[in-house]
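Below, each chain spelled out in residue letters.
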Amino acid sequence: MSGITIALSKGRIFEETLPLLAAAGIVPAEDPEKSRKLIIGTNRADVRVVIVRASDVPTYVQYGAADLGIAGKDVLLEHGGAGLYQPLDLNIAKCRMCVAVPAGFDYAAAVRSGARLRIATKYISVAREHFAAKGVHVDLIKLYGSMELAPLAGLAEAIVDLVSSGSTLKANNLVEVEEIMSISSRLVVNQAALKMKRELLQPVIAAIEGAIK
Ligand code: ATP
Ligand code: MG
């Protein structure tokens, strides 16, 4: 495919990416929240945006179906990053990945006693590394949505999830007991495209870099 294809997810990443693209002179022709189109043109005839699920962005870029993409560090760590060049932390969609438990559960005591903990999460590989490094024995239970429900329903003792304000945890009577890492979104670039389309991609990457807050 000639020109530039950019993979973005709807919602916060699309919203927070708009000013960065604008700095590169790229303005999407439609709002994906209002349109059902999955391929959106821009003011530039040679640039298009494909709208994909947040966790699918690295895959589109890895295989070259998109040249550029924007994905959270959480998503990139789970994907593994194969075939991706990650030149810029965009400092957008900021949150943190943490361990949370029901308000009455003594997590520190459970860890000290060496108890085996069931952990529900969407982030299996980050969670596995975190608990292995701490020497905590865990059974990881993969979920795709609403981690907060798992301890309340008796599926797990704890969750590993993303938190920003903490209001969702609070509304479900959960408390954050450990921060695993801070999260923001990164620009990802297909490694082959960066070589083949360098004169097209480099100015866009440089303009985005100049617009990072
Ligand atoms: P889907 O909604 O399709 O299941 P998702 O939840 O991963 O996927 P988004 O909610 O759009 O999609 O999140 C996209 C990215 O934004 C995440 O990968 C993460 O890096 C970041 N993010 C998630 N939750 C928050 C939050 N509460 N505040 C700020 N950034 C967040
Ligand atoms: Mg979400």
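(A) Highlighting the overall build of the chain. Helix and strand counts for the chain stand at 9 helices and 11 strands. In terms of principal-axis extent, the alpha carbons of the chain reach across some 60 × 35 × 30 Å. A burial count over the chain gives 44% of its 213 residues as buried. Sequence-distant contacts in the chain: of pairs separated by 6 or more residues, those separated by 24 or more amount to 67%. Looking at the chain, you have 24 positive and 22 negative side-chain charges, and the mean spots of the two groups are 2 Å apart.

(B) Region of interest: the sheet that holds strand β1 (residues 4–8). Read from one edge to the other, the open sheet built from 6 strands follows the order β2-β3-β1-β4-β11-β5, with strand pairing classed as mixed. Edge positions in the open sheet fall to β2 (39–41) and β5 (84–89), since each of these has one partner strand only. Across the sheet, the axes of successive neighbouring strands diverge by a mean angle of 30°, strand direction being ignored. Examined bridge by bridge, β1 and strand β3 (residues 47–51) share 5 bridges and lie parallel to one another. Directly across from L8, in β3, lies its bridge partner I51.

(C) Focus on the side chain of S184. Its location among the elements puts S184 in the loop between β10 (174–183) and β11 (185–190). Relative accessible area serves as the criterion here: at 6%, S184 is assigned to the buried category. There is a polar contact of 2.8 Å between the side chain of S184 and the side chain of D89. If we skip the residues at most four places from it in the chain, S184 touches A71, G72, K73, D89, N91, I92, A93 and K94.

About the criteria used
- Residues numbered from 1 in each chain as written.
- Chains lettered and ligands numbered in written order.
- Predicted model: local features only at pLDDT ≥ 70, side-chain atom pairs only at ≥ 80, totals over all residues.
- Heavy atoms only, no water.
- Helix = DSSP H or I, 4+ residues; strand = E, 2+ residues; numbered from the N terminus.
- Buried < 20%, exposed > 50% of the residue type's maximum accessible area, 1.4 Å probe, protein only.
- Contact = heavy atoms within 4.5 Å.
- Lys, Arg positive; Asp, Glu negative; His and termini not counted.
- Charge placed at Lys NZ, Arg CZ, Asp CG, Glu CD.
- Pairing = 2+ DSSP bridges.
- Axes fitted to C-alpha atoms, helices over the stretch in contact; angles between N-to-C directions.
- Polar contact = N/O pair within 3.5 Å; in protein donor to acceptor, adjacent residues only side chain to side chain.

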